[in-house]
Amino acid sequence: MTMGCKDCAERRKNLRDAIMRGKMADALDITVEGLRAMIRIDSDADHRKVPVVAPSLPNLSGKTKAELLEIAADEDVIVPEGSTNAEIIELVESKRRGLA
């Protein structure tokens, strides 16, 4: 038998007791807690969270003028009245590059 730390010995005892009493949910919790301790995962952290990914910016090619104006408004781009599609695209792309 290998020697283990005091926490591991206590965890094994608690796991055995939970199994003997038929408390499988408790046994599972003890097992998961032990695994987290062994691989040093913070037990308070929620590791099921999906990482936040920045939304991709919509493609501008092939859009109608109305769609381009909507995209420009969403991206806080000021479009002068009477601008052509090409001008709207240039304004939006300039803002995206940080030039506007």
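Residues numbered from 1 in each chain as written. Predicted model: local features only at pLDDT ≥ 70, side-chain atom pairs only at ≥ 80, totals over all residues. Heavy atoms only, no water.

1. Regarding the confidence of the model for the protein
- Per-residue confidence for the protein gives a mean pLDDT of 83; residues scoring 70 or more make up 80%.
- Within the protein, no element has a lower average pLDDT than helix α2 (residues 24-38), which sits at 83, and none a higher one than helix α3 (residues 65-74), at 95. (pLDDT = per-residue confidence, 0-100. Helix = DSSP H or I, 4+ residues; strand = E, 2+ residues; numbered from the N terminus.)

2. Observations concerning a negative patch on the surface
- Together, Asp7, Glu10, Asp26, Asp29 and Glu33 make up a negatively charged patch on the protein surface.
- Elements with a contribution of two residues or more to the negative patch: α1 (6-20) and α2.
- The dominant element in the negative patch, judged by the number of residues it contributes, is α2, at three residues.
- Within the secondary structure, Asp7 is located in helix α1. (Patch = residues over 30% accessible without salt bridge, like charges linked within 9 Å, V, L, I, M, F, W, Y side chains within 5 Å. Areas by Shrake-Rupley, 256 points an atom, 1.4 Å probe, with all protein chains shown as cover. Salt bridge = Lys/Arg side-chain N within 4 Å of Asp/Glu carboxyl O. Lys, Arg positive; Asp, Glu negative; His and termini not counted. Charge placed at Lys NZ, Arg CZ, Asp CG, Glu CD.)

3. A word on a nonpolar patch on the surface
- A grouping of Leu35, Met38 and Ile39 is seen on the molecular surface, where their side chains present a nonpolar patch of about 330 Å² in accessible area.
- As for its position among the elements, Met38 is in helix α2.
- The class for Met38 is exposed, based on a relative accessible area of 54%. (Buried < 20%, exposed > 50% of the residue type's maximum accessible area, 1.4 Å probe, protein only.)

4. Points about the pattern of salt bridges
- In the structure shown here, the tally under the stated rule is three salt bridges.
- With a shortest N-O distance of 2.9 Å, Asp17 and Lys13 are connected by a salt bridge. Here Asp17 and its partner Lys13 are both found in helix α1, four residues apart, which amounts to about one turn of the helix.
- Owing to a relative accessible area of 42%, Lys13 belongs among the partly exposed residues under this scheme.
- Note that Glu75 and Arg96 form a salt bridge whose closest N and O atoms lie 2.7 Å from each other. Residue Glu75 is located in the loop between α3 and α4 (85-96), and its partner Arg96 is located in helix α4; the two are separated by 21 residues in the primary sequence.

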